[in-house]
Amino acid sequence: MTQYVIEADGGSRGNPGPAGYGAVVTDAADGQVLAEAAEAIGVTTNNVAEYRGLIAGLQAVLRLGGEGVPVAVRMDSKLVIEQMAGRWKIKNEGLRPLALEAAALARRLRVTEWTWIPRERNKHADRLANEAMDAAAKGLTWKAGGTTEAAGGTADLMGGPAGAADLGSGARAPERARTQVTRQTDLLDAGDISGISAPAASIAAAQQRVKRTGAATGTGWAPPTRVATSLLLLRHGETELSLERRFSGLGDPELTPNGLAQASAAADRLSREPYRPDVIITSPLKRARQTAAVVAERTGLDVEVADDLREADFGAWEGHTFTEVQRRWPAELAAWLADPAAAPPGGESFATTARRVEAAGERLVEQYAGKTVLAVSHVTPIKMLLRLALMAPLESLYRMHLDLACLSLIEYYADGPAVVKSFNDTSHLR
């Protein structure tokens, strides 16, 4: 398991004054930079900025490694380190909410050390904080890799291509690539959908209306006149690959005992109104079929297998962690994170997956119009159906997170647009 190191800093030019923070996450084994974060935060104090830097670093590690991963925290703020280690009391009530937020994040990880380091050993985080403050002073917004963005476009403070970000292995990619490290589990097993969609013509017509008039005809405020089709989207339960946060596409791992328990909890909920489905459709992959089988046993329904609800094909990256891929295929990963049309080596792009999933949705809505359909699938297909319902661009995939065994619900109305009524609901797992 990767051990992470957070170095964080914050500064205020005036104390209080214009302030910003910086945080960098590295691999403890070789010092490789895995994530950077920085932001100008308006007028405040040094200590507030330092806490904000720590919080950003902890959040980045959670996105990279998930719950329970080991991390060492190193800062040149004696106050923050001693307070987080529990050796100093928090006397400034203005800092207490930030300290509580940082402590809550730290409890989700395994912090192996809280270490004070001299300022000269914290130069990377200090530089990021100053870059963010310098950008704000020019009316710009800091972007990963030293880029900044203004209202009219982008400008690169580092002399590289506008919008580029250093992924830590010599590759440069648009800033979105950096932010995509947030919740990489969403992209490791991202291809489960089984989505029902209103007839494709309805979606296309709505999209054209938006392009033509700048607004959809439906507002979402008025009550629907008739539900055409309800689509319940269930992500499969835990596997060994999802537990270890590895790319899991067309590989066929089985559910873990915990994954079977997650499927059972979902089945309990789906066996009762108002969620009880009329039809169960599943991806052909074993983890989805096992999840669907548990629900079928509880509801007494048969299961139909739909090949086009399978996960995206991650090609050569299958079974690798995000960090392993970043080291071995830095340029290809940068391109994949930056552009939905880019594919992993030997794999399938999100743009290609989108066409497959959209066709699956069209088929299902025609075949099961007016029914409640449960589609057991994977991250990518489920996200595809959700973003189609929202008429969102393909890039919106990078801004969604889906937990294992979560439920989402889309309803398609005969007289209006699709409505997303539930997203990433895991209340049945609590």
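If you look the protein chain up in an unreviewed UniProt entry, it shows as phosphoglycerate mutase (2,3-diphosphoglycerate-dependent) from Nonomuraea polychroma. Recorded in UniProt under Sequence similarities (unreviewed entry), the annotation for the protein chain is "Belongs to the phosphoglycerate mutase family. BPG-dependent PGAM subfamily."

Draft legend 1. Local environment of the overall build of the protein chain. For the protein chain, the count of helices and strands is 14 helices and 16 strands. Each of the 430 residues in the protein chain was classed as buried or not, and the buried ones make up 54%. The long-range share in the protein chain, meaning contacts at least 24 apart out of those at least 6 apart in sequence, stands at 70%. Counting every atom, the protein chain has about 17700 Å² of accessible surface; 51% of that belongs to carbon and sulfur.

Draft legend 2. Representation of the pattern of salt bridges within the structure. Evaluated as defined, the whole model comprises 22 salt bridges. One salt bridge in this structure joins Arg-327 and Asp-27, with 2.3 Å as the shortest N-O distance. A residue pair is termed long-range when its members are at least 10 positions apart, and Arg-327 in helix 11 (residues 322-328) and Asp-27 in strand 2 (residues 17-27) qualify at 300 residues. Look at the salt bridges and you will find they share partners, linking Asp-9, Asp-76, Arg-119 and Asp-126 into a network.

Draft legend 3. Region of interest: the nonpolar core. In terms of nonpolar packing, the biggest core is built from 40 residues, with Leu-231, Leu-233, Ile-281, Trp-317, Trp-336 and Ile-410 touching the most fellow members. Mapped onto this core, the elements with two or more residues apiece are strand 11 (227-235), strand 12 (279-282), helix 11, helix 12 (330-338), helix 13 (350-367), strand 14 (372-377), helix 14 (379-389) and strand 15 (407-413).

Draft legend 4. Highlighting the packing of aromatic side chains. This structure, assessed with the given rule, holds eight aromatic pairs. Their ring planes at 85 degrees and their centres at 5.3 Å tell us that Trp-317 and Trp-336 sit as a pair that is edge-to-face. Note that Trp-317 is positioned in the loop between strand 13 (303-305) and helix 11 and Trp-336 in helix 12, a separation of 19 residues in sequence. For Trp-317, a relative accessible area of 0% translates into the label buried. You can call Trp-336 buried: its relative accessible area is 0%. Both rings, one in Trp-336 and one in Phe-350, keep their centres 5.3 Å apart while their planes meet at 40 degrees; by these two values the pair is tilted.

Draft legend 5. Quick look at unusual backbone geometry. Backbone torsion omega between Asn-15 and Pro-16 reads 5 degrees, so that peptide bond is classified as cis. Here the phi dihedral of Asn-15 falls at roughly 45 degrees; this positive angle occurs in a residue that is not glycine. Mapped onto the secondary structure, Asn-15 falls in the loop between strand 1 (4-12) and strand 2. If you check the backbone angles, Asn-424 has positive phi at about 55 degrees while not being a glycine. By the element assignment, Asn-424 lies in strand 16 (residues 419-425). A relative accessible area of 17% places Asn-424 in the buried class.

Draft legend 6. Highlighting the UniProt feature "active site" (unreviewed entry) in the protein chain. Per the UniProt record, "active site" (unreviewed entry) is found at His-236 and Glu-311. With the annotated positions falling across 76 residues, the maximum pairwise C-alpha distance of 11.0 Å places them together in a single cluster. Relative to the helices and strands, His-236 resides in the loop between strand 11 and helix 8 (240-243). With respect to the helices, strands and loops of the structure, Glu-311 is situated in the loop between strand 13 and helix 11.

Draft legend 7. Local environment of the packing of helix 13 against helix 14. Interaxial distance between helix 13 and helix 14 falls to 10 Å at its minimum, and their mutual angle equals 70 degrees. Taken together, the axis directions place helix 13 and helix 14 in an arrangement best described as roughly perpendicular. Where helix 13 abuts helix 14, its residues Phe-350, Thr-353, Ala-354, Val-357 and Glu-358 lie against Thr-380, Pro-381, Met-384, Leu-385, Arg-387 and Leu-388. Broken down by class, the residue content of the contact of helix 13 with helix 14 amounts to seven nonpolar, two polar and two charged.

What counts and what doesn't
- Residues numbered from 1 in each chain as written.
- Predicted model: local features only at pLDDT ≥ 70, side-chain atom pairs only at ≥ 80, totals over all residues.
- Heavy atoms only, no water.
- UniProt positions renumbered as here; feature names shortened; annotations may be inferred.
- Helix = DSSP H or I, 4+ residues; strand = E, 2+ residues; numbered from the N terminus.
- Buried < 20%, exposed > 50% of the residue type's maximum accessible area, 1.4 Å probe, protein only.
- Contact = heavy atoms within 4.5 Å.
- Areas by Shrake-Rupley, 256 points an atom, 1.4 Å probe, with all protein chains shown as cover.
- Salt bridge = Lys/Arg side-chain N within 4 Å of Asp/Glu carboxyl O.
- Core = buried A, V, L, I, M, F, W, Y, C linked by side-chain atoms within 4.5 Å.
- Phe/Tyr/Trp six-rings, centres within 6.5 Å; stacked < 30°, edge-to-face > 60°.
- Axes fitted to C-alpha atoms, helices over the stretch in contact; angles between N-to-C directions.
- Parallel < 35°, antiparallel > 145°, perpendicular 65-115°, else oblique.
- Nonpolar A, V, L, I, M, F, W, Y, C, P; charged D, E, K, R; others polar.

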